[in-house]
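# Architecture and fold: a report
Here is what each chain is made of, one letter per residue.
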Amino acid sequence: MSNTETDPDELHGRAGPCPRDEAGHPLVEVLTSRAVPLGGPRAMTVRRTLPQRQRSLIGAWCFVDHYGPDDVAATGGMDVPPHPHTGLQTVSWLFEGEIEHRDSGGVHAHVRPGELNLMTGGHGICHSEVSTAATTTLHGAQLWVALPDGSRDADRDFQHYAPPAAELDGGTAKVFLGDLGGRRSPVATFTPLLGAELTVAPGARLRVPVDATFEHGVLVDTAALHLGDTPLDRGDLGYVGAGATTLTLANPTADPSRALLLGGAPFGEPIVMWWNFVGRSHQEILGYRRDWAAEADRFGRVAGYPGARLPAPPLPNARLRPRGNPSAP
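Residues numbered from 1 in each chain as written. Predicted model: local features only at pLDDT ≥ 70, side-chain atom pairs only at ≥ 80, totals over all residues. Heavy atoms only, no water.

## Regarding the overall build of the protein
The criterion, for reference: Put simply, DSSP H or I for four residues or longer makes a helix, DSSP E for two residues or longer makes a strand, and each gets a number counted from the N terminus. The buried label applies to any residue whose accessible area, calculated with a 1.4 Å probe on protein chains only, is under 20% of its type's maximum; exposed applies above 50%, and partly exposed to all values in between. A contact between two residues is defined here by any heavy atoms of the two lying within 4.5 Å. Areas reported here follow the Shrake-Rupley algorithm with a probe of radius 1.4 Å; residue values treat only the protein chains shown as occluding.
Secondary structure assignment for the protein yields 2 helices and 27 strands. Split into buried and exposed, the 329 residues of the protein put 55% on the buried side. Put simply, of all contacts in the protein between residues at least 6 apart along the chain, 74% involve residues at least 24 apart. Surface exposure of the protein reaches about 13,100 Å², of which carbon and sulfur atoms provide 51%.

## Focus on the nonpolar core
Basically, it comes down to this: To qualify as a nonpolar core, a set must consist of buried Ala, Val, Leu, Ile, Met, Phe, Trp, Tyr and Cys residues joined through side-chain atoms within 4.5 Å.
Trp-61, Cys-62, Val-91, Leu-116, Leu-177 and Ile-271 are the most contacted members of the largest nonpolar core, which has 34 residues in total. The set of elements that each furnish at least two residues to this core consists of β5 (61-71), β7 (88-96), β10 (116-121), β12 (137-146), β15 (171-177), β23 (237-240), β25 (257-264) and β26 (271-274). Residues Ala-173, Ala-196, Leu-227 and Ala-259 belong to the second largest nonpolar core, which totals 23 residues.

## Here's the deal with the UniProt feature "binding site: Fe cation" (unreviewed entry) in the protein
For clarity, the threshold we go by: UniProt positions are given in the numbering used here, feature names are shortened, and annotations may be inferred rather than shown by experiment. Think of a polar contact as two N or O atoms within 3.5 Å of one another; within protein, one of them needs to be a possible hydrogen donor and the other a possible acceptor, and neighboring residues in sequence only count if both atoms come from side chains.
Per the UniProt record, "binding site: Fe cation" (unreviewed entry) is annotated on His-83, His-85, His-127 and Glu-129. A maximum C-alpha distance of 13.4 Å among these annotated residues, which run over 47 residues, shows that they cluster at one spot. Assignment of secondary structure puts His-85 in strand β6 (residues 79-85). Here His-83 takes part through its side chain, which lies 3.5 Å from a polar atom of the side chain of His-85. Structurally, Glu-129 is set in strand β11 (residues 125-131). Residue classification places Glu-129 among the buried positions, given a relative accessible area of 3%.

## Quick look at helix α2 (residues 282-293)
Each turn of an α-helix holds 3.6 residues, which means side chains three or four residues apart point in the same direction. For the record, the criterion: Here the expected span of a helix is defined as 1.5 Å times the quantity of residues minus one.
End to end, α2 covers 17 Å across 12 residues, agreeing with the expected 16 Å (1.5 Å per residue, within 8%). Looking at α2, one finds that the buried residues are His-282, Ile-285, Gly-287, Tyr-288 and Trp-292. Buried residues in α2 make contact with β6, β11, β26 and β27 (277-279). Glu-295 sits one or two positions beyond α2 and adopts a positive phi of about 55°.

## A short note on the packing of aromatic side chains
As a reminder, the rule being used: Planes of paired rings set the category: under 30 degrees apart is stacked, over 60 is edge-to-face and the rest tilted, where pairs are Phe, Tyr or Trp rings (Trp by its six-membered ring) whose centres lie within 6.5 Å. Here, over-ring charges are defined by two tests on the NZ atom of lysine or the CZ atom of arginine: distance to the ring centre within 6 Å, and angle to the ring normal within 35 degrees.
Enumeration over the complete set of coordinates arrives at 8 aromatic pairs. Taking the centre distance of 5.6 Å and the plane angle of 55° together, the rings of Phe-277 and Tyr-288 count as tilted. In this pair, Phe-277 sits in strand β27 while Tyr-288 sits in helix α2, placing the two residues 11 residues apart along the sequence. Across the pair, exposure class does not vary: Phe-277 and Tyr-288 are buried alike. Each residue in the set Trp-274, Trp-275, Phe-277, Tyr-288, Trp-292 and Phe-299 is aromatic and connected to the rest through ring pairs, giving one cluster. It is Arg-55 that lies over the ring of Tyr-239; its NZ or CZ is 3.8 Å from the centre. Seen from the ring of Trp-292, Arg-309 lies directly overhead, with NZ or CZ sitting 3.5 Å from the centre.

## Here's the deal with the sheet that holds strand β4 (residues 45-50)
Inclusion rule: When DSSP finds at least two bridges between two strands, those strands are taken to pair. Think of each axis as a best-fit line through the C-alpha atoms, taken over the contacting stretch in the case of a helix, with angles from 0 to 180 degrees between the N-to-C directions.
A sheet is described by the order of its strands in space; here 7 strands give the open sequence β3-β4-β5-β12-β7-β10-β13, paired in antiparallel fashion. Looking along the sheet, the strands with just one partner apiece sit at the ends: β3 (34-37) and β13 (157-161). Looking at each pair of strands side by side, their axes are set apart by 20° on average, direction ignored. Summarising the sheet, β7 and β10 pair through 5 bridges and their orientation is antiparallel. Its bridge partner being in β10, Val-91 is matched across the sheet by Leu-118.

In structure tokens:
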């Protein structure tokens, strides 16, 4: 998915510490979303929790959009023209509906509920995303992962994986990236990561063992959840810094509650994000934008999309302003 904001911020991101109580236990930082229209005459809107001024990264996860359930007849669905990416991987995850994906690596695939599509756009790639004619409701998440310096020029790639649902005491898990409770995804990543869909049964309390070296975020999709003692509303992203060995998710409602659990080792590298690019400096971002405008070979071309490419928004007149995660206490 593209960041279609007409005036996107540049973010200099670095992994930050987790707030802790007086005893040193990690606290939950609640990141609330903001509404971002994807454009078009009826403007499908997403809820964006990363990046933001409060926090730019959770591990290498650097972008989180959550959308739906949307009635496609009312919103027009998703139709994102070919647009570029650098220095990242896109992670597409659906709960309902279907999206047709085409990219300049020659991949033509469909994103379906419960199936991971992971695209690598290191040196440069472009792709389009269109909800299919059979889709009546669209509901899912689009996530980005920043690539580390040694891999951020990686070749174009695409991986697909449909994880099985694993039964837990109080719910289920579909592990699409990394390892959770002995359930491992075969999908390769460039930094240690975790991505899983969790469903918590009505009234249940789910204890999830996690890697203590990871930061974690819990994105609430349906109903409400408590992460530890902290209530999270639908669309909230609860953040817990490195040091936790177990995350406790409690569902106080009479309906199943679903969430995405995202985790990763603190990234440890400064990054610069603007529009659909992840780089390391102001100058790099300028170069990426110039290459996209010139239709350079860096990004290639998407075959089969019936329309024009998405133009890059204008850059601000002044030097792009850095922002990042909170400093250590």
